Amino acid sequence: MNITFRWYGRENDTVTLEQIKQIPGVKGIVWALHQKPAGEVWEKAEIKEEIEYIQSFGFHTDVVESVNVHESIKLGNENRMKYIENYKETIRNLAEFGVKVICYNFMPVFDWTRTEMFHPLKDGSTALFYEKAKVDQIDPQELIQTVAKSSNLTLPGWEPERLERISELFDAYKTVDEEKLWENLAFFLNEILPVAEACDIKMAIHPDDPPWSIFGLPRIITGKESYEKLMEISDSPLNGFTLCTGSMGANPNNNMVEIAKEYANRSPFAHIRNVKIYENGDFEETSHYTQDGSIDVKGVVEALHNQDYNGYVRPDHGRHIWGEVCRPGYGLYDRALGIMYLLGLWDAYEAKKAGNKA
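Residues numbered from 1 in each chain as written. Predicted model: local features only at pLDDT ≥ 70, side-chain atom pairs only at ≥ 80, totals over all residues. Heavy atoms only, no water.

## Details of the sheet that holds strand 6 (residues 126-130)
Applied cut-off: For two strands to count as paired, DSSP must find a minimum of two bridges between them. Going along the chain from the N terminus, every DSSP run of H or I of four or more residues is numbered as a helix, and every run of E of two or more is numbered as a strand. The axes used here are C-alpha line fits, helices contributing only the stretch in contact, and every angle between their N-to-C directions lies in the interval 0 to 180 degrees.
Strand order in this open sheet of 4 strands is 5-6-11-10, and the pairing throughout is antiparallel. The open sheet terminates on both sides in strands that have one partner only, identified here as strand 5 (116-120) and strand 10 (275-277). Taking the axes of each pair of neighbouring strands and ignoring which way they run, one obtains an average angle of 35 degrees across the sheet. Relative to strand 11 (residues 283-285), strand 10 is paired through 3 bridges, and the arrangement is antiparallel.

Printed below as a string of structure tokens:
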């Protein structure tokens, strides 16, 4: 298990690399050029500058999250080949600097959806919260305003240049159902996977967050069946998944322990976090501690350990604790606690394994 930490850059994060360096066990930084609009080529000079800065702190830069997919590719419109060629060039440029995994998603319009960014929890902390009834009734524009007011930092999937075109995008997706979105994903993968194979970069698709339709938009990476269908598109070992326990696990029908057992070998990258799911479809994000939520985090780590998982793992969204002012879900303190919990579980399973061999 290769522990990593997501970081948004020098000008775009409240957390510094100096602070991350003090968290035991962190080997790498999950990074991206967050200032780049979706669809633009990541140039070698800007990749080099970011990587050299991160590596100067002793971290590896093996994982990029995310190289965002332009809406033209998801829509399958007449402009998609331009953006697919740009994506290929970005893959080649990243490979030149040793990147091994690219996490991406194929969610229309919104990358993730929450109704509150700082929802109060019983312990006095705050966390991201999803209220199903509100999403079912709210105007998307109102939700956009809620998210925009939550932070003066950029929020992936909620970029202003994309959201300025929200009405246009909703109109465009009226002709795209799940079947068509699958077709567009297959077209994209069949184009880029030969480049990924030539560059030895693993593509790891992130599940939809949450894993069901929002505002009538199609969602396709929602559970085990999605993984099977993705592998039908291409059985290339570089066509993989990001195992995200919180996103896919928000649907209680998705048993994340069983999914980890079955698909860890196709998941070069894992996001591990916990959510508490309510019967009415609401969910709130909790600490990583298994007992605090509905996800069997302990069982997921055991499933990975039993397979000698050597992929990249990061703590995912954390609570906002001890008065920390930070990007929603991405503070320092609770994610650091999450890392220590994951490492503690891993060490316990290592000790158990050694004892069984004795």
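Additional details are given in the paragraphs that follow.
## Focus on the nonpolar core
Counted only if it meets this: In this description, a nonpolar core means a group of buried Ala, Val, Leu, Ile, Met, Phe, Trp, Tyr and Cys residues linked to one another through side-chain atoms lying within 4.5 Å. Relative accessibility decides the category of a residue: with a 1.4 Å probe and only protein chains considered, values under 20% of the type maximum give buried, values over 50% give exposed, and everything between is partly exposed. Two residues qualify as a contact provided that any one of their heavy atoms is within 4.5 Å of a heavy atom in the partner residue.
Residues I20, W31, Y87, L94, L185, F188 and M203 are the most contacted members of the largest nonpolar core, which totals 95 residues. Looking at which element gives the most residues to this core, the answer is helix 9 (residues 178-199), with 10 residues. Non-local contacts of M203, meaning those with residues more than four positions away in its chain, are made with Y87, I91, I102, Y104, I192, L193, A196, L238, N239, G240 and F241.

## Observations regarding the layout of surface pockets
Note the cut-off: Of the two site types, the cavity is a set of points on a 1 Å grid over the protein atoms alone where a 1.4 Å probe fits but cannot get out, and the pocket is an open set with protein on both sides within 12 Å along at least five of seven lines, each lined by residues with an atom within 4 Å of a point. Grid points are joined across faces, edges and corners, and a volume is the space filled by probe spheres set on the points. Lys, Arg, Asp and Glu make up the charged group, whereas Ala, Val, Leu, Ile, Met, Phe, Trp, Tyr, Cys and Pro make up the nonpolar group; the residues left over, Gly among them, are polar.
Each pocket or cavity is described by its volume, and for the largest pocket that value is around 340 Å³. As for the largest pocket, its lining consists of 18 residues, and the residues nearest its centre are K202, S267, P268, N310 and G311. Each residue belonging to the lining of the largest pocket can be placed in one class, and the counts come to 6 nonpolar, 7 polar and 5 charged.

## Points about the pairing of strand 8 (residues 239-244)
Threshold: Orient the strands so they point away from the viewer, and a crossover whose first-strand-to-second-strand path over the helix runs clockwise is right-handed.
For strand 8, a buried count of 6 out of 6 residues is recorded, marking the element as mostly surrounded by other parts of the structure. Pairing geometry for strand 7 (residues 202-205) and strand 8, over 3 bridges, is parallel. Pairing of I205 across the sheet is with F241, part of strand 8. Regarding topology, helix 10 (residues 224-233) serves as the crossover connection from strand 7 to the parallel strand 8, and that connection is right-handed.

## What to know about the pattern of salt bridges
The following threshold applies: The working definition used for a salt bridge is a side-chain nitrogen of Lys or Arg within 4 Å of a carboxyl oxygen of Asp or Glu.
Counted by the stated rule, this structure contains 27 salt bridges. With a closest N to O distance of 3.0 Å, D308 and K353 form a salt bridge. Of this pair, D308 sits in the loop between helix 13 (297-306) and strand 12 (312-315) while K353 sits in helix 14 (residues 333-357), placing them 45 residues apart in sequence. A salt bridge links D334 to R319, with the shortest nitrogen-to-oxygen separation between them at 2.7 Å. Linking D334 in helix 14 with R319 in the loop between strand 12 and helix 14, this pair joins segments that are 15 residues apart in sequence. Several salt bridges share partner residues, and in doing so they unite R6, E65, R114, D209, R273, E285, R314 and D316 into one network.

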